[in-house]
Amino acid sequence: MRRVLDIVFPVALAAVILGSWEWTIFHWQVPHYVLPAPSAIARAICANFASLMASLGSTLAVTLQAFAAATLLGVATAIGFSQSRLLERTFYPYAVILQVTPVVAIAPLILIWVGFERINLALVIIATLVAFFPILAGATLGLKSADFNLLDLARLHGASRLQILWRIRLPTALPYLLSGMKTAGGLALIGAVVAEFVAGSGTATGLAWRIVESGNRLEIATLFAALALLALTGVLIFAALSLLEWALLRRWHESAISEAA
Amino acid sequence: MTLLALSGIGKRFASTQKAGGVQALDDLSFAIQTGEFVSLLGPSGCGKSTALRLAAGLLTPDAGAVTFPHGKPEIGFVFQEPTLMPWADALTNTRLPLVLKSMPRREANARAAAALARVGLAGFERALPRELSGGMKMRVSIARALVAQPKLLLLDEPFAALDEITRNRLGDDLLRLWREDGLTVLFVTHSVSESAYLSERVLVMPPRPGRIAADIALPHSRDDRLSSVTIEAQRGINAALQAATA
């Protein structure tokens, strides 16, 4: 019953909001280039379906590649940190600097260095930089959180560093890593959008560029359509990662075990 | 035959409270014979856990030496907490020492299942730690300590967090395993009654810095927790402890 209500209430809210939105536009005769009605946005999606899907594919490809790269790099760096305090002390401050520097500010540089002829690579690098830190932070914290007594026990039985990493540290880190990945999934999408904005005309073909282009042409309904697709993509990424988290942790980690069970 | 000897052990720990650190152990010496059940008894913070970790080789002494005159034996270690991997079932937890030694999976599984059966957990191989009670988790921990067939079993207040009924039952099981396997046991505890009932020898440690204040032999047969022999042993240990902590 609660499950059903979890779905019914948000859907009802959406219906109310979309309904009053539609009514307001109709009643006050709001111009479509200021705020289009939901029905106009739906028509824009239908009319531009093929090109919007191509744009979505482009943005999604950048997002997923960046997310994968950030996960690999973040976990690899965290493993390096866990094996050497010196490595961690030396490089962690720079990881923080990378995190706090607005990527929008360095995106033009990356575009110049990588070159507009390899625009996709540049977009992926920018989005990776945005998504990298939560994964590094989560994995680093997780790898450090192993039970000291368990580590002692493994050493007592002659475990190698690699065995300790694989059998104890990595499983311990999994909940922290997944939490970081959930944050990074959304950030990879934001990074892809920012990268497309910066890349500008003629080169990028993703949803963010469609937003810029539609804005310039005052095709506000198409702009909203692209925006809606972006939001939907973000929600789907989050849902997929939540599902992954649940599948991996549901049997043993407190965070994934429902209290009723 | 001396299995384990600690001689003139000193150990100092860094401390945020005290400049120069804390002297946990100072000139600690004792020896354990093969097949003995020895309790290390003392108040909290007397350094008995430190002594146990030194014996296991998990810590190195600042002074003195830990020696095994007839070679370092296989060691089993049981912590105060069950210290299980929460993501792994009882069988996987139990076989950890064997897997770390790269034993073939099938043989490791068979031995782990046998070890679980010995501690009364047959049928719980696939249970995760969160599905087990505190006493059962401790049993898995003991099975894991026994799975590699150690000669020396080191236990660090293993029953301190359990209720009395569970504690007594596990104590009896420990005695049975000790007799069956011809183990040598070094048992850290702060319970006078536990040490009196379980052990053949009780080493009493005063508050910090830790050393041995009394070495009490208990030549009695342990078949009853409340027998006059056990109660008499408790009196003797208690008196030694009082004298040491005064």
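Digging into the overall build of chain B
For step 1, the next point in the chain: Within chain B one finds eight helices and nine strands.
For step 2, the next point in the chain: The C-alpha radius of gyration computed for chain B amounts to 18 Å, which stays within 12% of the reference 18 Å derived for 246 residues, consistent with globular compactness.
For step 3, the next point in the chain: Looking at the 246 residues of chain B, the share that counts as buried comes to 53%.
For step 4, the next point in the chain: Looking at chain B alone, contacts between residues at least 24 apart form 70% of all its contacts between residues at least 6 apart.
For step 5, the next point in the chain: Looking at chain B as shown, the accessible area adds up to about 10,400 Å², and 51% of this sits on carbon and sulfur atoms.
For step 6, the next point in the chain: Taken together, the 28 basic and 24 acidic charged side chains of chain B have centroids lying 6 Å from each other.

Remarks on the nonpolar core
For step 1, the next point in the chain: Core analysis: the biggest nonpolar cluster contains 42 residues, and B:Leu28, B:Phe30, B:Leu40, B:Phe77, B:Leu154 and B:Leu186 have the highest contact counts within it.
For step 2, the next point in the chain: Counting the residues that make up this core, at least three belong to each of domain 1 (2-73 + 151-245) and domain 2 (81-147) of chain B.
For step 3, the next point in the chain: Setting aside anything within four residues of it in sequence, one finds B:Phe30 in contact with B:Leu4, B:Ala5, B:Leu6, B:Leu40, B:Leu186, B:Leu203 and B:Ile212.
For step 4, the next point in the chain: If you look at the next biggest cluster of nonpolar residues, it comprises 40 residues, including A:Ile41, A:Ala188, A:Val193 and A:Ala256.

Section: the interface of chain B and chain A
For step 1, the next point in the chain: Chain B puts 23 residues into the contact, and the matching count from chain A is 18 residues.
For step 2, the next point in the chain: Counting the surface chain B buries against chain A, the share from its top three residues, B:Trp87, B:Leu100 and B:Arg130, is 34%.
For step 3, the next point in the chain: Where B:Arg53 meets A:Asp152, a salt bridge forms, and the shortest distance between an N and an O atom there is 2.6 Å.
For step 4, the next point in the chain: For the side of chain B that touches chain A, the secondary structure elements donating two or more residues are α1 (48-56), β5 (75-78) and α3 (96-100) of chain B.
For step 5, the next point in the chain: Residues belonging to the side of chain B that touches chain A are distributed by class as follows: 14 nonpolar, two polar and seven charged.

Here we look at helix α8 (residues 161-199) of chain A
For step 1, the next point in the chain: Counted at 1.5 Å a residue, the expected span for α8(A) with its 39 residues is 57 Å, but the 44 Å between its end C-alpha atoms falls short.
For step 2, the next point in the chain: Approximately 45° is the largest bend angle found in α8(A), and it occurs at A:Leu174, with the proline A:Pro175 only one to four residues beyond.

A short note on the sheet that holds strand β6 (residues 152-156) of chain B
All names here are of chain B.
For step 1, the next point in the chain: An order of β5-β6-β7-β3-β8-β9 is seen for the six strands of this open sheet, with the pairing classed as mixed. A single partner strand is all that each edge strand has here, and the edge strands are β5 and β9 (214-217). Taken pair by pair, the neighbouring strands of this sheet meet at an average axis angle of 15°, ignoring direction.
For step 2, the next point in the chain: As defined by bridge partners, strand β8 (residues 201-204) adjoins β9 across four bridges and the pair is classed as antiparallel. Residue pairing in the sheet places Val204 in a bridge with Ala214 of β9.

Remarks on helix α7 (residues 148-156) of chain A
Residues and elements named next belong to chain A.
For step 1, the next point in the chain: Looking only at α7, the buried set comprises Leu150, Leu151, Asp152, Leu153, Ala154 and Leu156.
For step 2, the next point in the chain: Among the residues of α7, the N-terminal cap falls to Asp147, whose side-chain oxygen and the backbone nitrogen of Asn149 are separated by 2.8 Å.
For step 3, the next point in the chain: Directly beyond the C-terminal end of α7, a positive phi value near 75° is found at Gly158.

Some remarks on the side chain of A:Glu245
For step 1, the next point in the chain: Relative to the helices and strands, A:Glu245 is located in helix α10 (residues 220-249).
For step 2, the next point in the chain: Excluding anything up to four places from it in sequence, A:Glu245 contacts A:Leu178, A:Ser179, A:Lys182 and A:Arg250.

Quick notes on the packing of aromatic side chains
For step 1, the next point in the chain: Tallied over the entire structure, the rule returns eight aromatic pairs over all chains.
For step 2, the next point in the chain: Relative to B:Trp87, the ring of A:Trp252 lies with its centre 5.7 Å away and its plane at 70°, an arrangement referred to as edge-to-face. Residue A:Trp252 is found in the segment after α10, and its partner B:Trp87 is found in the loop between β5 and α2 (90-94); the two belong to separate chains.
For step 3, the next point in the chain: Judged by relative accessible area, A:Trp252 falls into the buried class, the value being 11%.

Let's talk about a nonpolar patch on the surface
For step 1, the next point in the chain: A cluster of nonpolar side chains, namely A:Val4, A:Leu5, A:Val8 and A:Phe9, defines an oily patch on the protein surface of about 350 Å² accessible area.
For step 2, the next point in the chain: Along the chain, the position of A:Phe9 falls in helix α1 (residues 2-28).

Section: the domain arrangement of chain B
All names here are of chain B.
For step 1, the next point in the chain: Partitioning chain B into domains gives domain 1 (2-73 + 151-245) and domain 2 (81-147).
For step 2, the next point in the chain: Centre-to-centre, using C-alpha coordinates, domain 1 lies 25 Å away from domain 2.
For step 3, the next point in the chain: Counting from both sides, the interface comprises 13 residues of domain 1 and, opposite them, nine residues of domain 2.
For step 4, the next point in the chain: A combined buried area of about 950 Å² lies between domain 1 and domain 2, and 64% of that area is made up of carbon and sulfur atoms.
For step 5, the next point in the chain: On the domain 1 side of the contact with domain 2, Leu153, Leu170 and Leu177 bury the most area, a combined 40% of that side's loss.
For step 6, the next point in the chain: At the boundary of domain 1 and domain 2, one finds three salt bridges.
For step 7, the next point in the chain: A salt bridge links Glu180 to Arg118; the nearest nitrogen and oxygen atoms lie 2.8 Å apart.
For step 8, the next point in the chain: Summed over the shared surface of domain 1 and domain 2, the result is four residue pairs in polar contact (both at pLDDT 80 or more).
For step 9, the next point in the chain: Among the elements that make up the side of domain 1 that touches domain 2, the one with the highest residue count is helix α6 (residues 164-181) (eight residues).
For step 10, the next point in the chain: When the residues that make up the side of domain 1 that touches domain 2 are grouped by side-chain class, the tally is seven nonpolar, one polar and five charged.

Section: the packing of α1(A) against helix α2 (residues 38-47) of chain A
Residues and elements named next belong to chain A.
For step 1, the next point in the chain: As a packed pair, α1 and α2 sit with axes 8 Å apart at the nearest point and diverge in direction by 100°. Looking at the two axes, α1 sits roughly perpendicular to α2. Facing α1, whose interface residues are Leu18, Trp21 and Glu22, α2 presents Pro38, Ser39 and Ile41.
For step 2, the next point in the chain: A per-class count over the contact of α1 with α2 returns four nonpolar, one polar and one charged.

Parameters and conventions
Residues numbered from 1 in each chain as written. Chains lettered and ligands numbered in written order. Predicted model: local features only at pLDDT ≥ 70, side-chain atom pairs only at ≥ 80, totals over all residues. Heavy atoms only, no water. Helix = DSSP H or I, 4+ residues; strand = E, 2+ residues; numbered from the N terminus. Rg over C-alpha atoms; globule rule 2.2 N^0.38 Å. Buried < 20%, exposed > 50% of the residue type's maximum accessible area, 1.4 Å probe, protein only. Contact = heavy atoms within 4.5 Å. Areas by Shrake-Rupley, 256 points an atom, 1.4 Å probe, with all protein chains shown as cover. Lys, Arg positive; Asp, Glu negative; His and termini not counted. Charge placed at Lys NZ, Arg CZ, Asp CG, Glu CD. Core = buried A, V, L, I, M, F, W, Y, C linked by side-chain atoms within 4.5 Å. Domains from an automatic or database assignment. Buried area = accessible area lost by both parts, 1.4 Å probe. Salt bridge = Lys/Arg side-chain N within 4 Å of Asp/Glu carboxyl O. Nonpolar A, V, L, I, M, F, W, Y, C, P; charged D, E, K, R; others polar. Expected span 1.5 Å × (residues − 1). Bend = angle between axes of the 7 residues up to and from the residue. Pairing = 2+ DSSP bridges. Axes fitted to C-alpha atoms, helices over the stretch in contact; angles between N-to-C directions. Polar contact = N/O pair within 3.5 Å; in protein donor to acceptor, adjacent residues only side chain to side chain. Phe/Tyr/Trp six-rings, centres within 6.5 Å; stacked < 30°, edge-to-face > 60°. Patch = residues over 30% accessible without salt bridge, like charges linked within 9 Å, V, L, I, M, F, W, Y side chains within 5 Å. Parallel < 35°, antiparallel > 145°, perpendicular 65-115°, else oblique.

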